[in-house]
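Reading the structure
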Amino acid sequence: RCLEEYNSQHGNCNVPQTWKEHPPLGTCVDKQRTPKRLGKLPQEQVEGFQGIGFVWNPNNATWEEIFYSRPVEEEYSWHREASRGVR
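What about helix α2 (residues 23-37)?
Regarding α2, the residues found buried are Leu25, Gly26, Val29, Gln32 and Arg33. Each buried residue of α2 sits inside an arc of 120 degrees when the element is viewed along its axis, so together they form one side. Backbone geometry just after α2 places Gly39 at a positive phi near 75 degrees.

Put into structure tokens, the structure is as follows:
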């Protein structure tokens, strides 16, 4: 739930490990990646994270993975603002 809220506010699930607003969330997110990489994270959890646009390896993520993990309405909002010259 906290990760979904972070995603809706920031447009991604890349919570910094040292995020001051909710420090346990950054630690929790980081701790999910190792078991996934080792094949030890239950498939239901993998699918749940992927369902909200979680990027398993942000260091190797392609631009497209990050771009397409953003909510569609945010993409259109950015486009409308850019076309009006708003940044």
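Resuming the write-up.
Description of the packing of aromatic side chains
Note on aromatic pairs: each is described by the distance of the centres and the angle between the planes. Applying the stated rule across the entire model yields four aromatic pairs. Each ring, one from Tyr6 and one from Trp19, has its centre 4.8 Å from the other, and the planes form 85 degrees; the classification is edge-to-face. Of this pair, Tyr6 sits in helix α1 (residues 2-10) while Trp19 sits in the loop between α1 and α2, placing them 13 residues apart in sequence. Each member of the pair Tyr6 and Trp19 is classed as buried. Measuring from ring centre to ring centre gives 5.6 Å for Phe49 and Trp56, while their planes differ by 80 degrees; the resulting arrangement is edge-to-face.

Conventions and cut-offs
- Residues numbered from 1 in each chain as written.
- Predicted model: local features only at pLDDT ≥ 70, side-chain atom pairs only at ≥ 80, totals over all residues.
- Heavy atoms only, no water.
- Buried < 20%, exposed > 50% of the residue type's maximum accessible area, 1.4 Å probe, protein only.
- Helix = DSSP H or I, 4+ residues; strand = E, 2+ residues; numbered from the N terminus.
- Arc of directions from axis to C-beta.
- Phe/Tyr/Trp six-rings, centres within 6.5 Å; stacked < 30°, edge-to-face > 60°.

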